[in-house]
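# Breakdown of the fold
These are the residues of each chain, in order.
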Amino acid sequence: MKVLVTGGAGFIGSGFVRYILRNRPEAGVINFDLLTYAGNLRNVEEVARDPRYRFVRGDIANADDVRGVFEGGGIDAVVNFAAETHVDRSIDDASPFVRTNVLGTQCLLDAAKKHGVAKFVQISTDEVYGSLGPEGAFREDSPIEPSSPYSASKAGSDHLAFSYFKTYGLPVVITRCSNNYGPYQFPEKLIPLMIMNAMDDKPLPVYGDGKNVREWIFTDEHSRAVLTALERGNPGEVYNVGSGYEMTNIDVVREILRILGKPESLIKYVKDRPGHDRRYAIDTSKIRREWNWSAEIGFSDGLAQTIEWYRTHQDWIREIRDASYLNYYERMYTRRDQTLAWSGPE
Ligand code: NAD
Ligand code: TYD
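## A short note on the overall build of the chain
- If you tally the helices and strands in the chain, you get 12 helices and 12 strands.
- What you see for the chain is a C-alpha radius of gyration of 19 Å, in line with the 20 Å of a compact globule of 346 residues.
- For the chain, the spread of C-alpha atoms along the principal axes amounts to about 55 × 45 × 35 Å.
- Expressed as a percentage of its 346 residues, the buried residues of the chain come to 58%.
- The contacts of the chain with a sequence gap of at least 6 include a subset with a gap of at least 24, amounting to 83%.
- Surface accessibility of the chain: about 14000 Å² in total, with carbon and sulfur atoms responsible for 48%.

## Thoughts on the site of ligand 1
- Lining the immediate surroundings of ligand 1 are 28 residues, of which Ile12, Asp33, Thr85, Tyr150 and Lys154 lie closest.
- The separation between an oxygen atom of ligand 1 and a polar side-chain atom of aspartate 33 is 2.6 Å.
- Tyrosine 150 has a polar side-chain atom sitting 2.7 Å from an oxygen atom of ligand 1.
- Residue assignment for the shell around ligand 1 shows that the elements contributing at least two residues are helix 1 (11-23), strand 5 (119-125), helix 5 (149-168) and strand 7 (179-181).
- A breakdown of the residues in the shell around ligand 1 according to their chemical character gives 13 nonpolar, 12 polar and three charged.

## Some thoughts on the site of ligand 2
- With respect to spatial proximity, 19 residues lie near ligand 2, and among them Glu127, Arg214, Arg273, His276 and Tyr333 are the closest.
- Arginine 214 places a side-chain nitrogen or oxygen 2.7 Å from an oxygen atom of ligand 2.
- Arginine 273 places a polar side-chain atom, nitrogen or oxygen, 2.5 Å from an oxygen atom of ligand 2.
- Considering ligand 2 on its own, with 510 Å² of exposed area, one finds that the protein chains cover 98% of that surface.
- Contributions of two or more residues to the shell around ligand 2 are made by helix 6 (190-199) and strand 8 (204-207).
- Its residues placed into classes, the shell around ligand 2 shows nine nonpolar, five polar and five charged.

## Observations regarding the sheet that holds strand 9 (residues 213-218)
- With mixed pairing, the three strands of this open sheet are ordered in space as 7-9-11. Taken across any chain shown, the strands that pair with only one partner, and hence form the sheet edges, are strand 7 and strand 11 (246-248). Taken pair by pair, the neighbouring strands of this sheet meet at an average axis angle of 50 degrees, ignoring direction.
- Summarising the sheet, strand 7 and strand 9 pair through three bridges and their orientation is parallel. The residue of strand 9 that forms the bridge with asparagine 180 is isoleucine 217.

## Some points on the packing of helix 8 (residues 249-260) against helix 10 (residues 299-311)
- Axis separation between helix 8 and helix 10 bottoms out at 11 Å; the angle between their running directions is 60 degrees. One element, helix 8, and the other, helix 10, form an angle in the oblique class. In terms of crossing hand, the pair formed by helix 8 and helix 10 is right-handed. Here helix 8 contributes Val252, Glu255, Ile256, Ile259 and Leu260 to the contact with helix 10, which in turn contributes Phe299, Ser300, Leu303, Ala304, Ile307 and Arg311.
- Its residues assigned to classes, the contact of helix 8 with helix 10 comprises eight nonpolar, one polar and two charged.

## What about unusual backbone geometry?
- Despite not being glycine, leucine 35 has its phi angle at roughly 60 degrees, a positive value.
- Relative to the helices and strands, leucine 35 is located in the loop between strand 2 (28-33) and strand 3 (53-57).
- Judged by its relative accessible area of 21%, leucine 35 falls in the partly exposed class.
- Residue tyrosine 184 is not a glycine yet carries a positive backbone phi of 70 degrees.
- Mapped onto the elements, tyrosine 184 comes out in the loop between strand 7 and helix 6.
- The exposure class of tyrosine 184 is buried, given its relative accessible area of 14%.

## Focus on the nonpolar core
- One finds Ile191, Ile256, Phe299 and Tyr310 to be the most contacted residues of the largest nonpolar core, which totals 39 residues.
- Listed by contribution, the elements that provide at least two residues to this core are helix 6, strand 8, strand 9, helix 8, strand 12 (267-270), helix 10, helix 11 (314-320) and helix 12 (323-336).
- Among the elements that make up this core, the one with the highest residue count is helix 6 (seven residues).
- Ignoring anything within four residues of it in the chain, the contact list for isoleucine 256 reads Ile191, Met194, Ile195, Leu303 and Ile307.
- Residues Ile60, Val128, Ala155 and Val238 belong to the second largest nonpolar core, which totals 32 residues.

## Some details on the sheet that holds strand 2
- If you walk across this open sheet you meet the seven strands as 3-2-1-4-5-6-10, and the pairing is parallel. Bordering the open sheet on either side are strand 3 and strand 10 (237-241), each of which pairs with just one other strand. Put simply, the sheet's adjacent strands are angled 20 degrees from each other on average, direction ignored.
- Lying over the sheet, helix 4 (residues 95-115) contacts strand 1 (2-6), strand 4 (77-80), strand 5 and strand 6 (172-177), oriented at roughly 165 degrees with respect to strand 5.
- This element, helix 7 (residues 219-232), spans strand 1, strand 4, strand 5, strand 6 and strand 10 of the sheet and lies at about 145 degrees to strand 5.

## Considering the pattern of salt bridges
- In the structure shown here, the tally under the stated rule is 23 salt bridges.
- Arginine 42 is the partner of glutamate 319 in a salt bridge, and the nearest nitrogen-oxygen pair spans 2.6 Å. Here the residue glutamate 319 occupies a position in helix 11, and arginine 42 occupies one in the loop between strand 2 and strand 3, the gap between them amounting to 277 residues.
- Judged by relative accessible area, which is 45%, glutamate 319 ranks as partly exposed.

Cut-offs and rules
- As a convention, each chain's residues are numbered from 1 in the sequence order in which they are written.
- As a convention, the first chain written is A and the first ligand written is 1, with the rest following in written order.
- Only residues with pLDDT of 70 or above have their local features reported here, since the model is predicted, and side-chain atom pairs are shown and tallied only from 80 upward, although totals for entire chains, interfaces and linings are computed over all residues.
- Heavy atoms throughout the structure, all of them, feed into the side-chain values; hydrogens and water do not.
- Strands here are runs of E lasting at least two residues and helices are runs of H or I lasting at least four, both read from the DSSP assignment and numbered beginning at the N terminus.
- Here the globule rule reads 2.2 Å times residues to the power 0.38, and the radius of gyration is calculated from C-alpha atoms.
- A 1.4 Å probe rolled over the protein chains alone gives each residue an accessible area, and that area as a share of the maximum for its type sets the label: buried under 20%, exposed over 50%, partly exposed in between.
- Working rule for contacts: check all heavy atoms of both residues, and any pair within 4.5 Å makes them a contact.
- In short, Shrake-Rupley with a 1.4 Å probe defines the accessible areas, and a residue's cover is counted only from the protein chains shown.
- We call a residue near a molecule or strand whenever a single non-hydrogen atom of that residue lies within 4 Å of it.
- The definition of a polar contact used here is a pair of N or O atoms within 3.5 Å, where within protein one atom must be able to donate a hydrogen and the other to accept one, and adjacent residues in sequence count solely through side-chain atom pairs.
- For this classification, the nonpolar set comprises Ala, Val, Leu, Ile, Met, Phe, Trp, Tyr, Cys and Pro, the charged set comprises Asp, Glu, Lys and Arg, and every other residue, Gly included, is treated as polar.
- Any two strands are treated as partners once DSSP identifies two or more bridges connecting them.
- Geometry is summarised by axes, namely lines fitted to C-alpha atoms with helices restricted to the contacting stretch, and by angles between N-to-C directions that run from 0 to 180 degrees.
- Roughly parallel here means an angle under 35 degrees, roughly antiparallel means over 145, roughly perpendicular means 65 to 115, and every remaining angle is called oblique.
- By convention the crossing between two helices is left-handed if the near helix lies anticlockwise of the far one by an angle smaller than a right angle, and right-handed if it lies clockwise.
- Take the buried Ala, Val, Leu, Ile, Met, Phe, Trp, Tyr and Cys residues and link them wherever side-chain atoms come within 4.5 Å; each set so joined is a nonpolar core.
- Criterion for a salt bridge: a side-chain nitrogen of Lys or Arg within 4 Å of a carboxyl oxygen of Asp or Glu.

Next comes the structure, spelled out in structure tokens:
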């Protein structure tokens, strides 16, 4: 099976590219990625010379780019990871989110329809369901109530993808996963940002009261679920994916400091994110029942492995911390708290 993986140079997409090539000897992969600030070919270095793998630089929102890759021929299935993904950036400027996540998905759906692919897996997120109170968990039939421009644009792509199933019979499957963590994650997201700051003895900026809850899944586990969705997902259905490891942000941050042997005095509470979802949690009974799927990696093990990876990949970190990252950090965190002592690494 030849699979077009979009966004395969990003955090989760690159993990999936490595995962499918490792686990399915017969698979071929075309990695189609625009290489935005979040895309990094270093993330797929280990498969770059695999004859089953090919990289094509292109934009999912550009119909010519998408046509070109499909006309290369033989694509059996699409897994669409490509997206703008960071909530804080979407609050700053929603336009790239609408362009890539909504228009880009539409462009891919049109090409997939034209070429009659056997499966289109849309990688979505639990954030489309909005925020939970202290009890309960998102089910596949929970209402779609996104809070941020990011999650609203992802909800838009989900709706579009399903409309292509209902209207044209395109075999669309949607996965909605909880917060991922692991190696290769761009340090704008909570866990890698805190690990990198803690390693450098810099302040750890915790939004609001630090009691917001996220459900954390090791990214390889997400890849395993996406491969199952590709192979066994029923067209027209949604599959929630989660680990059961619910944690408050402040507990995650404390655990990172504990593993690194750093003092809690590094924690700095800063201005909250507007529209900040209080809690996410996933009901995974559907994939347990239908796929016999459950998460296997405990949060402490996964976090320790992740920290070890960042500790031993200083060269990757150095490259990421280019001028545009420093610029981003300064802009976002200086604005959040004028008293934050640090506005970026030296
Ligand atoms: P990421 O930001 O690390 O990577 C996104 C990738 O998409 C990058 O390689 C980037 O270059 C590429 N891309 C962006 N715009 C593009 C365009 N117009 N055309 C082609 N490529 C483009 O993101 P991630 O964290 O790996 O997330 C991957 C997917 O998983 C996203 O769809 C996201 O919504 C979803 N998701 C993420 C999480 C999470 O915790 N990170 C959880 C659930 C779902
Ligand atoms: P994030 O990794 O951005 O994922 P998402 O918002 O998509 O769930 O953030 C995870 C949680 O951590 C969220 O509640 C916001 C919080 N957070 C901080 O407290 N400080 C930070 O510097 C960042 C990036 C996030």
